[in-house]
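# Residue-level structure breakdown
Below, each chain spelled out in residue letters.
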Amino acid sequence: MSQVVVVDYGAGNTRSVRAALRHLGYDSVVSSEPHLIRSSDFVLLPGVGSARSAMAHLNSTGAEDALRDRFSEHGPILGICLGMQLALEHSEEDGGVSGRGLLRGKVEKMQIDRVPRLGWSVVEPWNEAFYFAHSFACLSEDVVATSEGITAAIHRGSFLGVQFHPEKSGPAGLSFLEKCLSPA
Amino acid sequence: MPLARLIPCLDVSGGRVVKGVSFVELRDMGDPVELAQYYSDGGADELVFLDISATPEGQQTMTSVIEKVADVLEIPFTVGGGVRSVDDAARIIESGADRVSLNSAALSNPSLISAIAEKFGSQAVVVAIDAGDGVVHTHGGRNATDIETVAWAIEAASRGAGEILLTSIKMDGHRQGFDLELTKKVRDAVSVPVIASGGAGSAEHVAEALRITDAALVASIVHENPAGLPGLRKEIEACGISLRPTRI
């Protein structure tokens, strides 16, 4: 069975995402080792931590360069929530943080009635409800799915990013993860 | 706005789900991991676990419960009860919970709200308010403070709480419906989502609450008949509330 690397940002909880992977029969390892990020079958960027500290950790461990290399070599990467947001050029979070810039776009604080946006929402055009928990949202030309007009997924090359948490979205989330991983 | 949420709440003590009868006798309701899985399969949108033991041994047991729950549950869950420091919150979140719920400790030390929010994000911090006669109560609703409920909700949100869990002491346990007036007052005063709690006795009660707020916490109505959760969801939907589509 192929191996999944869950990238370590130096903080937060990766237990749920690993449990979901295990449920689907995938072996996973939490790491920020550049060689593992370059060579593994699949890389998952989880949704934990704050933008600034996550980016600092990725830069200091060399994981950031490895992610860029992986992207240019078409290695599949799935980014969840913060893991998606950091792939864009810039985020307003934590007073402004430079992202990876693999995809064009930026991350802004949402201007909606209630923030954080918490709960299940139907994602179009996939017509499936997933769980969201966020205060910031992506503005990008690479949007492939939305929910209530808010970016739910972005895609370019071998990078797919989702704002929702598939590991927290019940059977719908598990099927989604399985589809993402199936080529791996 | 996202879809309305139905959130079963499980009181945990000594590694078991318990149900209080008049706050004294605790009846064993089963294994938290099994019950959590069961409610998740039955369509719960989220779960709340309250550690009611409030002892150091109880905390350790709770940590292992959280780990086991996180390993099987594929919906979000919040853990509260005895969260007094950033370290307590970190232990809970690193064990696999999505959010922590603060109550008395936030009242005596409001900066705890922002300290946890800065580390884990606002979405990870719930502030639970036990409200009665216009003021906040502590110690499971027994002691009244002089802090006004709406003012405290506003302050908690401004300090970084990502959600308010509002329990009406008056309605709690009576199964006569939620305190809609209080819920509306608090929800109108803050810009974070609000979970109504206390008083659910029927699907219609839950629907009434979900017409005016973001989520409803339920306890005895589901614990008495865990197998009835899918049916309860259908009844709530029949009252005109959209819940998430589930595949059962």
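Residues numbered from 1 in each chain as written. Chains lettered and ligands numbered in written order. Predicted model: local features only at pLDDT ≥ 70, side-chain atom pairs only at ≥ 80, totals over all residues.

## Observations regarding the overall build of chain A
Inclusion rule: Elements are defined by DSSP. Helices are runs of H or I of four residues or more, strands are runs of E of two residues or more, and each kind is numbered from the N terminus. Throughout, radius of gyration means the C-alpha value; the globule benchmark is 2.2 Å times the number of residues raised to the power 0.38. Buried means a residue has 20 or more other C-beta atoms within 10 Å of its own C-beta, exposed means 12 or fewer, and partly exposed covers the counts in between; C-beta atoms are placed from the backbone. We call two residues in contact if the C-beta atoms placed from their backbones are at most 7 Å apart.
In terms of regular secondary structure, chain A is built from six helices and 13 strands. In terms of C-alpha radius of gyration, chain A reaches 15 Å, essentially the compact-globule figure of 16 Å for 184 residues. Within chain A, buried positions represent 53% of all 184 residues. Here the contacts in chain A between residues at least 6 apart in sequence split such that 66% fall between residues at least 24 apart.

## A short note on the packing of helix H3 (residues 86-94) of chain B against helix H5 (residues 111-120) of chain B
Residue and element names in this part refer to chain B. Operational definition: Axes here mean lines fitted to C-alpha atoms, for a helix over just the part in contact, with angles spanning 0 to 180 degrees between N-to-C directions. Should an angle fall under 35 degrees it is called roughly parallel, over 145 degrees roughly antiparallel, and 65 to 115 degrees roughly perpendicular, with every other angle called oblique. Helix crossings fall into two classes, left-handed where the near helix is turned counterclockwise from the far one by less than a right angle and right-handed where it is turned clockwise. Charged residues are taken to be Asp, Glu, Lys and Arg, nonpolar residues to be Ala, Val, Leu, Ile, Met, Phe, Trp, Tyr, Cys and Pro, and polar residues to be all remaining types, Gly included.
With their axes 9 Å apart at the nearest point, H3 and H5 run at an angle of 40° to one another. Viewed along their axes, H3 and H5 adopt a mutual orientation that is oblique. Crossing angle aside, the handedness with which H3 passes H5 is right-handed. Contacts between H3 and H5 pair Val86, Ala89 and Ile93 from the former with Ala115, Ile116, Lys119 and Phe120 from the latter. In the contact of H3 with H5, the residues fall into six nonpolar, no polar and one charged.

## Considering the environment of B:Ala196
Residues and elements named next belong to chain B. Mapping alanine 196 onto the fold places it in strand S11 (residues 194-197). Alanine 196 sits 21 residues away from leucine 217 along the chain, and the two C-alpha atoms are 6.1 Å apart. Contact partners of alanine 196, with chain neighbours within four places excluded, come to Leu166, Phe178, Thr183, Ala209, Thr213, Ala216 and Leu217.

## Examining the pairing of strand S8 (residues 135-138) of chain B
Residues and elements named next belong to chain B. As a reminder of what qualifies: Strand pairing is defined by DSSP finding a minimum of two bridges between the two strands.
Across three bridges, the pairing between strand S7 (residues 125-132) and S8 is antiparallel. Residue alanine 131 lies in a different strand from S8, and its bridge partner there is valine 136. The hairpin formed by S7 and S8 contains two residues between the paired strands, and aspartate 133 there has a positive phi angle of roughly 50°.

## Remarks on the pairing of strand S4 (residues 77-80) of chain A
All names here are of chain A. Of the two faces of S4, the one holding Ile77 and Gly79 and the one holding Leu78 and Ile80 are both buried throughout. Across three bridges, strand S3 (residues 42-45) lies against S4 in parallel orientation. Looking at S4, one finds that leucine 44 is bridged to leucine 78. Alignment of S4 against strand S13 (residues 159-162), held across four bridges, turns out to be parallel. Paired with isoleucine 77 across the two strands is phenylalanine 159, which belongs to S13.

## Side note on the confidence of the model for chain B
For clarity, the threshold we go by: Per-residue confidence from the predictor is reported as pLDDT, which spans 0 to 100.
Mean pLDDT over chain B stands at 93; residues scoring 70 or higher make up 96%. Two numbers describe this predicted complex: its pTM, 0.96, and its ipTM, 0.95.

## Regarding the interface of chain A and chain B
Counting from both sides, the interface comprises 27 residues of chain A and, opposite them, 27 residues of chain B. Of the residues that constitute the side of chain A that touches chain B, the class distribution is 12 nonpolar, nine polar and six charged.

## A closer look at the packing of helix H6 (residues 149-158) of chain B against helix H7 (residues 180-189) of chain B
Helix-helix packing: each pair is described by the crossing angle between the helix axes and the interaxial distance. All names here are of chain B. Where H6 meets H7, the closest approach of the two axes is 9 Å, and the angle between their N-to-C directions is 35°. In the crossing of H6 with H7, the sense of the turn from one axis to the other is right-handed. In contact with Thr149, Val150, Ala153 and Ile154 of H6, H7 contributes Lys185, Val186 and Ala189. Of the residues that constitute the contact of H6 with H7, the class distribution is five nonpolar, one polar and one charged.

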